[in-house]
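# Secondary and tertiary structure notes
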Amino acid sequence: MREAPADYLEFAAARSGPLFRTACLLTGDWHLAEDLVQETLAKMYRSWRRVSRAGSPVAYADTVLVRTYLSQRRRRSSTERPSDRLPEAAGPAPDAELRMALLDGLARLTARDRAVLVLRYWEDRSVKETSEALRLSPGAVRARSMRALHRLRALLGADLADLAA
C-alpha cells in the first residue's frame, strides 16, 4: 500500500474534528458518526489529487460527508439499531436538557430536513453553502429550512418553551 501524501494527512488531521461534530449531529450516534467520517476521509483520499487541485477541499469534504450520510439513510439494509445507552462522553453544557430535547427532535425529522437544519443552524452555514452541499437551489434550502423548523417546533411542543425559559 502506498503512503498517503503529506498534504492529505495534514488535511485529514485538521478536518476530522469538524467533520466528526457535523456527523454526530446528523446521525445522533457517536459510533455511526465515526464510521461516516472514516468513509468521508476514504473517499477524499481516493480522489485527493483532483480535489486538492480544485480549490476548496474543505467544501468538498463537507459535501461528501452530507451526501454519504443521505445515501446511507436511503439504504434501508444498512441501518443499525441504536441502543438505549448514551455516548461514551458528553460535553459539559449548562443547557443539557435543552440540547438533548433538540437532538431528540432532530432525530425524528427526515434525513434531508435534519441535514438542512444541522448545516444551516448548528454549523452556521450560509444558504449558499448549504445549497451547494445538498445540491438544492437556495430557494429550496430556505423553504426546507422553514418547514423543517416548523416540524421541529411541532415535535418539541411545550417541551421547548419549558426548557428554553
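A brief structural summary.

Right, let's get into the packing of helix α4 (residues 57–74) against helix α7 (residues 127–134). With their axes 8 Å apart at the nearest point, α4 and α7 run at an angle of 55° to one another. Looking at the two axes, α4 sits oblique to α7. Seen along the crossing, α4 lies across α7 with a hand that is right-handed. From α4, T63, V66, R67 and L70 reach across to α7, where they touch E132, A133 and L134. Residue composition of the contact of α4 with α7, by class: four nonpolar, one polar and two charged.

The next point concerns the pattern of salt bridges. Throughout the structure, instances matching the rule amount to nine salt bridges. The residue D62 makes a salt bridge to R125 at a minimum N-O spacing of 3.1 Å. Linking D62 in helix α4 with R125 in the loop between α6 (111–122) and α7, this pair joins segments that are 63 residues apart in sequence. Taking the relative accessible area as the measure of exposure, D62 reaches 9% and is therefore buried. Across the salt bridge formed by K128 and E132, the nearest N and O atoms sit 3.5 Å from each other. You can see K128 and its partner E132 sitting in helix α7, four residues apart, about one turn around the helix. Look at K128 and you get exposed, because its relative accessible area is 56%. Put simply, R15, R21, D62, E123 and R125 are held in one network by salt bridges that share partners.

A few words now on the layout of surface pockets. Each pocket or cavity is described by its volume, and for the second largest pocket that value is around 160 Å³. As for the second largest pocket, its lining consists of V58, A59, D62, T63, R67, R125, E129, E132 and A133. For the lining of the second largest pocket, the secondary structure elements donating two or more residues are α4 and α7. Looking at which element gives the most residues to the lining of the second largest pocket, the answer is α4, with five residues. The residue makeup of the lining of the second largest pocket, split by class, is three nonpolar, one polar and five charged.

Calculation rules
- Residues numbered from 1 in each chain as written.
- Predicted model: local features only at pLDDT ≥ 70, side-chain atom pairs only at ≥ 80, totals over all residues.
- Heavy atoms only, no water.
- Axes fitted to C-alpha atoms, helices over the stretch in contact; angles between N-to-C directions.
- Helix = DSSP H or I, 4+ residues; strand = E, 2+ residues; numbered from the N terminus.
- Parallel < 35°, antiparallel > 145°, perpendicular 65-115°, else oblique.
- Left-handed = near helix turned anticlockwise from the far one by under 90°.
- Contact = heavy atoms within 4.5 Å.
- Nonpolar A, V, L, I, M, F, W, Y, C, P; charged D, E, K, R; others polar.
- Salt bridge = Lys/Arg side-chain N within 4 Å of Asp/Glu carboxyl O.
- Buried < 20%, exposed > 50% of the residue type's maximum accessible area, 1.4 Å probe, protein only.
- 1 Å grid on protein atoms, 1.4 Å probe; cavity = no way out; pocket = protein on both sides within 12 Å on 5 of 7 lines; lining within 4 Å.
- Points joined across faces, edges and corners; volume = space filled by probe spheres on them.

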